[in-house]
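Understanding the architecture of this molecule
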Amino acid sequence: MTDTLPGRALGTPLGRIEGPAKVTGTAKYAAEYQVANAAHAWIVQSPVARGVLRSVEADPALDGVLAVLWHGNAPELHEGDDPELSVLQSERISYRGQVVALVVAETLETARRAAQSVVLDIAEEPHDVVLRADHPDLYVPESVNAGFPSETAQGDVDAALAAAPVTVDVTYTTPPLHNSPMEPHATIAVWDGDEDLTLYDSNQGPWAIASGVATVLGLDPARVRVVAEHVGGGFGSKGSARPNAVLAAMAARLAGRPVKLVLPRQALFSIVGHRTPTIQRLRLGADRDGRLTAISHDSISQSSRLFEFGEQSSVVTRHMYAAGNRYTGHRIVRLDMPTPRWMRAPGEAPGMVALECAMDELAVALDLDPIELRVRNEPPAEPESGTPFTSRNYLACLREGAERFGWADRDPRPAQRLDGEWWVGTGVAGATYPAMAQPSTAKARRLPDGRVEVLVAATDIGTGARTVLTQIAADALDLPVSAVTVRIGDTELPKAPVAGGSSGTASWGWAVDGACHKLRESGGDEAEFDTTELLKDRGMEGRHAYGAHFAEVRVSAVTGEVRVPRLFGMYAAGRILNPRTARSQFIGGMTMGLGMALHEEAVLDPHTGTWVNHDLADYHIPVHADVPSVDAAWIDEEDGDLNPMGSKGVGEIGIVGSPAAILNAIWHATGVRVRDLPARMDRILPHLPG
């Protein structure tokens with residue numbers, strides 16, 4: 001680890017502190033903790049999408065099986081807020097892949113073999129698994145994810161659209177997408193008596209997991225310890241307790257010994273969440289100068305029979321562009337499908353596909369440069385509430401990004417550049433993500449050797465959080481980073497929120513900064529800082545990060561294959577605390593956006609109610625060859641109304657808008673407008689010029 005001068009850590013590209021431990025294999029992930037006498041568990045999943053489980057029969061000839069749990073013999077759980085955690089409690093089957101039984105055995109191999117041999121007696125029922133815009137059971141929920149109102153309206157949208165000289169009325173669809181973290185969900189459960197439980201669990205927030213598991217097990221949350229020192233990705237799927245944690249705890253209590261449960265990769269496509277498919281209708285009206293008079297964004301998505309999750313796809317439109325007449329709304333239908341959850345930039349990622357592609361279509365209809373269209377519709381304050389922005393450098397991102405990308409040389413006409421067999425084009429799209437902070441607590445204490453130890457139950461899911469928190473602490477203490485140790489990922493540490501909503505660094509960092517300043521100023525041996533009161537009345541309006549994405553694509557005139565030789569993002573995300581880790585987050589999000597645009601798609605078999613490509617062999621994600629040049633830069637932005645560091649989140653904005661930039665570039669290259677993601681070859685080839 002490279003050291004820093006006292007008070008000079010923030011802003012330096014410090015390498016990841018845990019890097020040596022990870023590359024040498026000494027960093028422990030959830031399934032790698034060594035506990036004595038551990039048994040192994042394997043799940044049994046429903047082969048049908050809807051029905052009643054009448055009985056479960058195990059092979060009595062298999063030695064080493066300790067228990068086979070199902071709703072007929074499983075311990076009774078307490079009711080919680082999430083029905084997905086009430087595992088093995090009901091005869092009802094709500095979706096294909098739902099856990100219906102659990103085998104516990106002496107070895108992993110025995111558990112897996114026994115699970116494969118289990119015989120399920122199921123009364124199958126007709127199922128409904130297809131999302132469609134005319135579904136009779138669509139309804140408007142009270143609110144959508146993160147508590148946003150389902151609908152907002154100002155003015156008379158229909159009248160404004162009828163009077164507008166230029167309009168766009170288009171529908172974009174996005175398929176189901178899967179988080180696919182590198183490390184699968186895993187838990188080792190260890191009981192100490194009947195009331196004290198330790199979980200070594202792969203998650204994005206130990207305190208949140210402790211609370212969720214404690215509720216259904218009827219325990220005091222203070223007596224549930226959750227350890228997540230190193231986590232191999234999550235992308236939202238590990239932001240709350242998942243069935244593996246409850247199942248492992250249930251099995252360990254019954255077996256009277258520790259139990260390890262690692263979900264197989266295919267199970268991650270059903271029981272840990274995914275991004276819902278969406279159907280989004282965008283209607284835009286503008287005068288002939290390109291100024292919007294009306295915006296309407298209506299989003300349709302699905303959830304499961306068990307749990308209502310409303311993807312907030314239309315919410316992003318409430319913050320982007322000025323227009324006097326506005327409507328945003330959401331409708332949901334409950335199907336016999338797995339429950340969708342958070343996936344990197346929930347709402348913003350699919351919502352900006354529809355909005356930014358529709359804006360591109362409007363620019364074409366107006367014969368106006370798409371950047372200029374966005375400039376002409378820049379709002380002076382929040383478009384709906386009128387709340388002033390703490391900072392908004394969206395136009396600066398568009399202009400600076402355009403200069404770096406070489407936008408000025410672009411011929412606006414589509415299908416004008418043919419290089420051999422390849423049609424070449426470029427596209428642009430905006431990006432935004434809310435700048436949030438959640439209550440957190442941290443503690444700093446002096447060690448006998450003069451070093452300082454900082455304690456906070458944060459989680460590093462691969463973002464570099466541990467490193468950035470060390471830099472924050474070092475500067476607040478006026479020490480080099482070598483004199484600071486940060487401990488994270490354990491509920492024995494001060495309470496902290498989940499790594500989610502691009503709010504981790506802002507939340508944990510605020511508490512760390514406060515604790516370290518308090519320790520330094522008091523001269524004592526220990527100091528604690530809690531941000532709860534500081535955030536009590538803080539709203540989200542007016543606080544956002546912004547960006548602009550630029551893409552160059554090449555589309556084969558022979559096959560319709562799309563390649564992306566250049567992808568560039570320009571961001572305004574407050575103070576960049578660590579350029580190395582921030583750039584990694586930006587380009588990681590952009591790469592994931594490329595996958596959303598071109599590759600990722602869960603393919604539904606409506607007859608069985610399952611996604612047929614439920615593994616990484618068939619569910620395609622980008623590889624190195626797909627992204628020959630992906631780069632990010634940022635504007636130096638000062639915003640004193642955010643947190644003591646002046647930072648905004650950088651973990652999710654890279655996926656917001658980057659798919660739209662690629663789709664817009666495909667249109668510019670070929671004249672083909674792809675409105676159903678991903679942009680597969682069969683959706684392009686039949687419509688190519690000539």
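So, here is what we can say about the structure in this document. Since we're looking at a predicted model, the values are computed, not measured. Throughout, residues of each chain are indexed from 1 in the direction in which the sequence is written. Selection of residues for local features in this predicted model requires a pLDDT of at least 70, selection of side-chain atom pairs for listing and counting requires 80 or more, and totals for whole chains, interfaces and linings are taken over all residues. Excluded from the side-chain calculations are hydrogens and water; all other atoms, namely the structure's heavy atoms, are used.

Points about the overall build of the chain
- For helices the rule is a DSSP run of H or I covering at least 4 residues; for strands it is a run of E covering at least 2, with both sets numbered from the N terminus onward. Counting its secondary structure elements, the chain contains 13 helices and 28 strands.
- Against the 2.2 N^0.38 benchmark of 26 Å for 690 residues, the chain shows a C-alpha radius of gyration of 26 Å, consistent with a compact globule.
- The principal-axis extent of the C-alpha atoms belonging to the chain is close to 75 × 70 × 50 Å.
- Buried residues in the chain amount to 60% of all 690 residues.
- Only heavy atoms matter for contacts: two residues are in contact if any of them lie within 4.5 Å across the pair. By sequence separation, contacts in the chain at least 24 residues apart represent 81% of the contacts at least 6 residues apart.
- About 25,700 Å² of surface is accessible on the chain, with carbon and sulfur atoms providing 49% of the total.
- Note that His is not counted, nor are the chain ends; the positive residues are Lys and Arg, and the negative ones are Asp and Glu. The location of each charge is read from NZ of Lys, CZ of Arg, CG of Asp or CD of Glu. Charge separation in the chain, taken as the distance between the mean sites of 62 positive and 88 negative side-chain charges, equals 3 Å. With the radius of gyration taken over C-alpha atoms, the globule rule is written as 2.2 Å times the number of residues to the power 0.38. Throughout this description, buried means an accessible area under 20% of the type-specific maximum (1.4 Å probe, protein chains only), exposed means over 50%, and partly exposed covers the range between. For the accessible areas, the method is Shrake-Rupley and the probe is 1.4 Å, while residue cover comes only from the protein chains on display.

Notes on the pairing of strand 25 (residues 562–572)
- With eight of eleven residues buried, strand 25 lies mostly within the body of the structure.
- At least two bridges found by DSSP between two strands is the condition for calling them paired. In terms of strand pairing, strand 24 (residues 544–556) meets strand 25 through nine bridges, oriented antiparallel. What sits directly across from Tyr-546, in strand 25, is Ala-572.
- The turn linking strand 24 back onto strand 25 is made up of five residues, and Gly-560 within it adopts a positive phi angle of 85°.
- As paired elements, strand 25 and strand 28 (residues 630–634) share five bridges and run parallel to each other. By the bridge assignment for strand 28, Tyr-571 is matched with Trp-634.

Remarks on the packing of aromatic side chains
- When two rings of Phe, Tyr or Trp (its six-membered ring) have centres within 6.5 Å they constitute a pair, described as stacked for plane angles under 30 degrees, edge-to-face for angles over 60, and tilted for the intermediate range. Under the counting rule described, the total for this entry stands at nine aromatic pairs.
- Pairing Tyr-33 with Tyr-200 gives two aromatic rings, centres 4.4 Å apart and planes at 25°, and the pair type is stacked. Here Tyr-33, found in the loop between helix 1 (19–23) and strand 1 (39–45), pairs with Tyr-200, found in strand 12 (residues 196–201); they are 167 residues apart in sequence, far enough to count as distant.
- When its relative accessible area of 13% is taken as the criterion, Tyr-33 is described as buried.
- Ring plane angle 40° and centroid distance 5.8 Å describe the contact between Phe-586 and Trp-634, whose orientation is recorded as tilted. With Phe-586 in helix 12 (residues 579–598) and Trp-634 in strand 28, this pair connects stretches of sequence that are 48 residues apart.
- Looking at Trp-634, the relative accessible area reads 23%, which means it is partly exposed.
- Throughout this description, the term charge over a ring refers to an Arg CZ or Lys NZ atom that lies within 6 Å of the ring centre and within 35 degrees of the ring normal. When the ring centre of Phe-307 is taken as reference, the NZ or CZ atom of Arg-341 above it lies at 4.6 Å.
- Across from the ring centre of Phe-405, 3.9 Å away, lies the NZ or CZ of Arg-566, which sits over that ring.

Some remarks on the side chain of Glu-453
- With respect to the element layout, Glu-453 can be found in strand 21 (residues 452–455).
- Here Glu-453 falls in the buried class, since its relative accessible area comes to 11%.
- For this analysis, a polar contact is any N or O atom pair within 3.5 Å, provided that within protein one partner can donate a hydrogen and the other can accept it, and provided that sequence-adjacent residues contribute only side-chain to side-chain pairs. Within the structure, the side chain of Glu-453 is placed 2.8 Å from the side chain of Arg-445, a separation counted as a polar contact.
- With residues up to four places along the chain from it excluded, the contact list for Glu-453 reads Lys-443, Ala-444, Arg-445, Leu-447, Thr-485 and Arg-487.

Observations concerning the pattern of salt bridges
- The working definition used for a salt bridge is a side-chain nitrogen of Lys or Arg within 4 Å of a carboxyl oxygen of Asp or Glu. This model, assessed by the stated rule, comprises 40 salt bridges.
- The salt bridge involving Asp-121 is made with Arg-54; its shortest N-O contact spans 3.1 Å. Taken together, the positions of Asp-121 in strand 6 (residues 119–124) and Arg-54 in strand 2 (residues 51–57) put the pair 67 residues apart, joining distant regions of the chain.
- Arg-275 is paired through a salt bridge with Glu-311; the nearest N and O atoms lie 3.5 Å apart. Of this pair, Arg-275 sits in the loop between strand 14 (259–262) and strand 15 (278–286) while Glu-311 sits in the loop between strand 16 (292–304) and helix 6 (317–320), and the two are 36 residues apart along the sequence.
- Counted as one network, the salt bridges with shared partners bring together Arg-50, Arg-92, Glu-125, Arg-305 and Asp-336.

Brief notes about the side chain of Glu-361
- Residue position: Glu-361 is located in helix 7 (residues 348–366).
- Judged by relative accessible area, Glu-361 falls into the buried class, the value being 12%.
- Among the polar contacts listed, one links the side chain of Glu-361 to the side chain of Tyr-172, at a separation of 2.5 Å.

Observations regarding the nonpolar core
- Only buried residues count toward a nonpolar core. Its members are Ala, Val, Leu, Ile, Met, Phe, Trp, Tyr and Cys residues joined through side-chain atoms within 4.5 Å. Membership of the largest hydrophobic core comes to 93 residues, with the highest contact counts inside it found for Ile-662 and Ile-666.
- Broken down by element, this core gets its largest block of residues, eleven residues, from helix 7.
- In this structure, Leu-199, Val-216, Leu-247 and Ala-248 belong to the second largest nonpolar core, which totals 43 residues.

Section: unusual backbone geometry
- Cis rather than trans, the peptide bond between Leu-677 and Pro-678 has omega equal to -5°.
- Locating Pro-678 in the fold gives a position in the segment after helix 13 (658–670).
- The phi dihedral of Leu-88 is positive, around 60°, even though this residue is not glycine.
- Assignment of secondary structure puts Leu-88 in the loop between strand 3 (65–70) and strand 4 (92–93).
- The phi dihedral of Ala-146 falls on the positive side, at around 75°, and the residue is not glycine.
- Its place among the elements puts Ala-146 in the loop between strand 7 (143–144) and strand 8 (148–149).
- Assessed through its relative accessible area of 56%, Ala-146 is described here as exposed.

Thoughts on the sheet that holds strand 21
- If you walk across this open sheet you meet the four strands as 22-21-20-23, and the pairing is mixed. Edge positions in the open sheet fall to strand 22 (484–487) and strand 23 (526–530), since each of these has one partner strand only. The sheet shows a mean angle of 15° between the axes of neighbouring strands, taken without regard to direction.
- Pairing of strand 20 (residues 441–446) with strand 21, which is carried by four bridges, proceeds in the antiparallel orientation. Its bridge partner lying in strand 21, Ala-444 is registered against Val-454.
- The strands touched by helix 11 (residues 504–522) are strand 20, strand 21 and strand 23; relative to strand 20, the strand with the most contacts, the crossing angle is about 35°. Lines fitted to C-alpha atoms define the axes here, with helix axes fitted over just the stretch in contact, and angles between the N-to-C directions of these axes take values from 0 to 180 degrees.

Comments concerning the packing of helix 10 (residues 465–477) against helix 11
- At a minimum axis distance of 8 Å, the contact between helix 10 and helix 11 shows a crossing angle of 30°. On the basis of the axis angle, helix 10 is roughly parallel to helix 11. Considering how the two elements wind past one another, helix 10 and helix 11 form a crossing that is right-handed. Here helix 10 contributes Ala-465, Val-468, Leu-469, Ile-472, Ala-473, Asp-475, Ala-476 and Leu-477 to the contact with helix 11, which in turn contributes Thr-505, Trp-508, Gly-509, Val-512, Asp-513, Cys-516, His-517, Leu-519 and Arg-520.
- Residue classes follow a fixed rule: Ala, Val, Leu, Ile, Met, Phe, Trp, Tyr, Cys and Pro count as nonpolar, while Asp, Glu, Lys and Arg count as charged, and any other residue, Gly among them, counts as polar. Its residues assigned to classes, the contact of helix 10 with helix 11 shows eleven nonpolar, three polar and three charged. Throughout this description, any angle smaller than 35 degrees is read as roughly parallel, any larger than 145 degrees as roughly antiparallel, any in the 65 to 115 degree range as roughly perpendicular, and the remainder as oblique. Throughout, a crossing is termed right-handed when the near helix is turned clockwise from the far one, and left-handed when it is turned anticlockwise from it by less than a right angle.

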